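One-letter residues, chain by chain:
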Amino acid sequence: DVKVTQSSRYLVKRTGEKVFLECVQDMDHENMFWYRQDPGLGLRLIYFSYDVKMKEKGDIPEGYSVSREKKERFSLILESASTNQTSMYLCASGRQKSYEQYFGPGTRLTVT
Amino acid sequence: AQRVTQPEKLLSVFKGAPVELKCNYSYSGSPELFWYVQYSRQRLQLLLRHISRESIKGFTADLNKGETSFHLKKPFAQEEDSAMYYCALRADTGFQKLVFGTGTRLLVSP
């Protein structure tokens, strides 16, 4: 069974703080993704990575950065958290030649 | 640009009634489409993909290229079908990206 884990289920941060969201997958997947999920807006891709140290911007990368130093781990960084980054963040992984993505449980981030 | 449209935010039906969750897409090439589902307090997971032509949990979806649609159907809804459903389209970027719709919440009442 594919397992994608995220470091926190709930997180509360203050405006201006630097925030790290961690994602780990145990299936040796090449691709990893970060989305935010908002009511009425669906899933929007923030960043993705297709290999270690490789990253590509998604549809809404502003205010975010990512890091992939190891194949199994993909981190999302909010350099200076703002209230409009309050959201549910979903991590996903997938094989190189497959469009099926396996999702983590999500991190609900609240920025106050 | 590739786009997925799910026109209904909420679909409410009674148990045993037929269900159709609508999905329309815009894509000039040969599309590959998926339905993902998120049950309450569970993670998002793949429900079915059009290339498999399979029926999962009684759900089917047929790709209609003429109408650019990929509607999800079930003849008799069950209460356990209540969930958030997302339609997704393979993005034409050379990477395995998906473009998701905004989702439809299905509520099946007893």
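Relevant structure appears above.
Counting of residues starts from 1 at the beginning of each chain's written sequence and follows it residue by residue. Written order determines the labels here, with chains lettered from A and ligands numbered from 1. In view of the model being predicted, local features appear only for residues whose pLDDT reaches at least 70, and side-chain atom pairs are presented and counted only at 80 or more, with totals across whole chains, interfaces and linings using the full set of residues. Excluding hydrogens and water, the side-chain figures rest on all heavy atoms present in the structure.

Turning to the pairing of strand 7 (residues 64-70) of chain A, a few remarks are in order. Residue and element names in this part refer to chain A. Sheet topology places strand 7 next to strand 8 (residues 73-78); five bridges connect them, and they run antiparallel. Looking at the pairing, Ser65 lines up with Ile77 of strand 8. The hairpin formed by strand 7 and strand 8 contains two residues between the paired strands. Being paired, for any two strands, means DSSP has found at least two bridges between them. Helix and strand definitions here come from DSSP, where helices need a minimum of 4 consecutive H or I residues and strands a minimum of 2 consecutive E residues; each element is numbered from the N-terminal end.

Here, two cysteine sulfur atoms that lie within 2.5 Å of each other are counted as a disulfide. In total, this model carries two disulfides over all chains according to the counting rule given. The disulfide bridge from Cys23 of chain A ends at Cys91 of chain A, spanning 1.9 Å between sulfur atoms. Taking the sign of the S-S torsion, -75 degrees for the link of Cys23 of chain A and Cys91 of chain A, the bridge is left-handed. Highlighted residues: Cys23 of chain A in strand 3 (residues 19-25) and Cys91 of chain A in strand 9 (residues 87-94), separated in sequence by 68 residues. In terms of burial, Cys23 of chain A and Cys91 of chain A fall into one category: buried. With a sulfur-sulfur separation of 2.0 Å, Cys23 of chain B is cross-linked through a disulfide to Cys87 of chain B. The S-S bond linking Cys23 of chain B to Cys87 of chain B shows a torsion near -65 degrees; that makes this disulfide left-handed. Here Cys87 of chain B lies in strand 9 (residues 83-90) and Cys23 of chain B lies in the loop between strand 3 (19-21) and strand 4 (24-26), a separation of 64 residues in the sequence. The rule is simple: take the accessible area with a 1.4 Å probe, protein chains only, and divide by the maximum for that residue type; under 20% is buried, over 50% is exposed, in between is partly exposed.

With that settled, the discussion passes to the pattern of salt bridges. Residue and element names in this part refer to chain A. Here a salt bridge means any side-chain nitrogen of Lys or Arg lying within 4 Å of a carboxyl oxygen belonging to Asp or Glu. Going through the model one piece at a time under the given rule, you end up with 11 salt bridges over all chains. As a salt-bridge pair, Lys18 and Glu79 come within 3.6 Å of each other at their nearest N and O atoms. In this pair, Lys18 sits in the loop between strand 2 (10-13) and strand 3 while Glu79 sits in the loop between strand 8 and strand 9, placing the two residues 61 residues apart along the sequence. The shortest N-O distance in the salt bridge between Lys71 and Asp28 comes to 3.1 Å. Taken as a pair, Lys71 in the loop between strand 7 and strand 8 and Asp28 in the loop between strand 3 and strand 4 (31-38) lie far apart in primary sequence, 43 residues in all. A residue is classified by how much of its surface remains accessible, and Lys71, at 25% relative accessible area, is partly exposed.

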